[in-house]
Amino acid sequence: MALSPQEAESPLADVPYSLRHAGVSLWINLGVDPVEVARRAGHSLTVLFRFYAKILRGQHSRANELIEHGLSGG
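Residues numbered from 1 in each chain as written. Predicted model: local features only at pLDDT ≥ 70, side-chain atom pairs only at ≥ 80, totals over all residues. Heavy atoms only, no water.

A. Structural view of the overall build of the chain. Across its full length, the chain carries five helices and zero strands. In sequence order, the secondary structure elements of the chain are arranged as α-α-α-α-α. Dimensions along the principal axes, computed over C-alpha positions, put the chain at roughly 55 × 20 × 20 Å. Taking all 74 residues of the chain together, 12% fall into the buried category. Sequence-distant contacts, at least 24 apart, represent 30% of the contacts inside the chain between residues at least 6 apart. On the chain, roughly 6,000 Å² of surface is accessible, and the fraction owed to carbon and sulfur atoms is 60%. (Helix = DSSP H or I, 4+ residues; strand = E, 2+ residues; numbered from the N terminus. Buried < 20%, exposed > 50% of the residue type's maximum accessible area, 1.4 Å probe, protein only. Contact = heavy atoms within 4.5 Å. Areas by Shrake-Rupley, 256 points an atom, 1.4 Å probe, with all protein chains shown as cover.)

This is the structure:
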């Protein structure tokens, strides 16, 4: 058994993949290479982007910061 009886009754166990989804989402938001995230999650890149693309939307400012940092030699 993966969860103790007490853990199985908690709200965290309501949706079996909630914790896994939260972990993968965190890795993506932290900027971990998508190839590595997919490998660790056991996904192909196609599956990773299909299910997690919504997490990447709206991060234009972060992308601009990374690009500017790279171009400035940082």
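What follows continues from the structure just given.
B. How the structure looks around the nonpolar core. In terms of nonpolar packing, the biggest core is built from eight residues, these being V24, I28, V37, A38, A41, L48, Y52 and I55. Not counting residues up to four positions away in its chain, the partners in contact with I55 are S25, I28 and N29. (Core = buried A, V, L, I, M, F, W, Y, C linked by side-chain atoms within 4.5 Å.)

C. Focus on helix 4 (residues 45-56). Across its 12 residues, helix 4 extends only 14 Å between first and last C-alpha, which sits more than 12% below the 16 Å expected from 1.5 Å per residue. Residues of helix 4 that are buried include every one of L48, Y52 and I55, and no others. Take helix 4 and look down its axis: the buried residues cluster within an arc of 30°, on one side only. Residues of helix 4 that are exposed and point more than 90 degrees away from the buried face comprise T46, R50 and K54. Taken together, the buried residues of helix 4 touch helix 2 (18-30) and helix 3 (34-41). Downstream of helix 4 by a residue or two, G58 has a phi angle that is positive, lying close to 80°. (Expected span 1.5 Å × (residues − 1). Arc of directions from axis to C-beta.)

D. View of the packing of helix 2 against helix 3. In the contact formed by helix 2 and helix 3, the axes pass within 10 Å of each other and the chain directions differ by 165°. As the angle between them shows, helix 2 and helix 3 are arranged roughly antiparallel. The chirality of how helix 2 crosses helix 3 is right-handed. Each of R20, V24, W27 and I28 in helix 2 lies in contact with helix 3, whose residues at this interface are V37, R40 and A41. Per-class residue counts for the contact of helix 2 with helix 3 are five nonpolar, no polar and two charged. (Axes fitted to C-alpha atoms, helices over the stretch in contact; angles between N-to-C directions. Parallel < 35°, antiparallel > 145°, perpendicular 65-115°, else oblique. Left-handed = near helix turned anticlockwise from the far one by under 90°. Nonpolar A, V, L, I, M, F, W, Y, C, P; charged D, E, K, R; others polar.)

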